[in-house]
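So the chains spell out like this:
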Amino acid sequence: MLSIVVPAYNEGEHIYDNLMIIDEALKAFTSDYEIIAVNDGSRDNTGAEIKRAAADNPTIKDFGYDDNRGKGGAVTWGAVNSKGDIVGFIDADLDLSPKFLGTYYATMTAENADIVLGSKMHKDSKLEYPFARKVFSFCYYIMLKVLFGLKCHDTQTGIKLYKGSLIREIAPLRKIDGYAFDIELLALASKKKAKLLEMPVELNFTRGESFGRIKFKDVWKMFTDTWKIWWNLRIKKTYFK
C-alpha cells in the first residue's frame, strides 16, 4: 500500500482541486493507496475544503488539527497515522507535479531503496525557479555536505518517498518543526544505513516572490535548526539511545 501525506497551510483556494489531481496521478499506477491530507492549523478555509474532498473521495483522509505545528509536525502526524508500506509526501501547492510519484514508486520497488527523493540538482530536472533560490540551495547543499555527509545533493525539494517502517520509526524522533525537518529525517535515516536514491523533478514556481512564503526569519531559523540537528546528532547523541 502507498500512503501520500499532503501537509497544507492556508491552501484553501486550491487544496480541493489539488487533492483530486494527486488522486488521479496515483490512480494511474496503483489501486492500493491513501492520501493523508493534513490541515496544519490554517487560518483560512483549508480545513473545510479538505473535509469536502474527503467526503467526495474515500481515498482522501482528513487528518487535520487546529494548532499550527509547522511543516515538520504536519508531515510527522501524517506519517505516524499512515498505513502504507511506502509513505511519501508532496507539497500541497503542486509546484512539483504528482505525476513523478509513479516513476519514484517504480524505481523504489525495483532498486529496493529505502528513500527516493526529488532533486532540483539532478541532471534531468527541469526548473522554472528564481536565481536567488538556486544560489541558496547550492550554498545550503555545501553546508549539509560538510555537517552531515549526506549522500544526496538536494534535501529540500518537497516530494519524497520513504519505506513506511523507516519513516514511522524516525519521524516521532523529530525535534524540528520548521523547514529543516527534512534534514533531520534524512540524517536519522542515514544513521540507520538507509539506501537513498535521487530522482529528477519538474518545478514550476508559483509564488510571486523569489522565496514565496519563506521570509528572512525562516531562513535564519532553518540555519540555526540545522546546527541544532548536528549538535543533537553528533554531540549530544539524543536521538538513538
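Criteria and cut-off values
- Residues numbered from 1 in each chain as written.
- Predicted model: local features only at pLDDT ≥ 70, side-chain atom pairs only at ≥ 80, totals over all residues.
- Heavy atoms only, no water.
- Pairing = 2+ DSSP bridges.
- Helix = DSSP H or I, 4+ residues; strand = E, 2+ residues; numbered from the N terminus.
- Axes fitted to C-alpha atoms, helices over the stretch in contact; angles between N-to-C directions.
- Contact = heavy atoms within 4.5 Å.
- Polar contact = N/O pair within 3.5 Å; in protein donor to acceptor, adjacent residues only side chain to side chain.
- Salt bridge = Lys/Arg side-chain N within 4 Å of Asp/Glu carboxyl O.
- Buried < 20%, exposed > 50% of the residue type's maximum accessible area, 1.4 Å probe, protein only.

A. Layout of the sheet that holds strand S1 (residues 2–8). Spatially, S3-S2-S1-S4-S7-S5-S8 is the arrangement adopted by the 7 strands of the open sheet, whose pairing is mixed. Strands with a single pairing partner mark the edges of an open sheet, and in this sheet they are strand S3 (60–62) and strand S8 (196–200). Averaged over neighbouring strand pairs, the angle between their axes works out to 20 degrees when direction is ignored. Two elements, S1 and strand S4 (residues 86–90), share 4 bridges in a ladder whose sense is parallel.

B. Representation of the environment of Glu111 within the structure. Locating Glu111 in the fold gives a position in helix H4 (residues 100–111). With near-sequence residues (within four places) excluded, Glu111 lies in contact with Lys195 and Leu197.

C. Representation of the side chain of Thr59 in the model. Positionally, Thr59 belongs in the loop between helix H2 (46–56) and S3. A polar side-chain atom of Thr59 sits 2.7 Å from a polar atom in the side chain of Asn57. Other than its neighbours up to four places away in sequence, Thr59 contacts Asp23, Tyr33, Glu34 and Ile35.

D. Examining the pattern of salt bridges more closely. Taken as a whole and judged by the stated rule, the model has 14 salt bridges. Asp114 is paired through a salt bridge with Lys163; the nearest N and O atoms lie 3.5 Å apart. Linking Asp114 in the loop between H4 and strand S5 (115–119) with Lys163 in strand S7 (residues 159–163), this pair joins segments that are 49 residues apart in sequence. Taking the relative accessible area as the measure of exposure, Lys163 reaches 26% and is therefore partly exposed. For Asp177, the salt bridge goes to Arg174, with nearest N and O atoms at 2.5 Å. For Asp177, a relative accessible area of 38% translates into the label partly exposed. Counted as one network, the salt bridges with shared partners bring together Asp23, Glu24 and Lys27.

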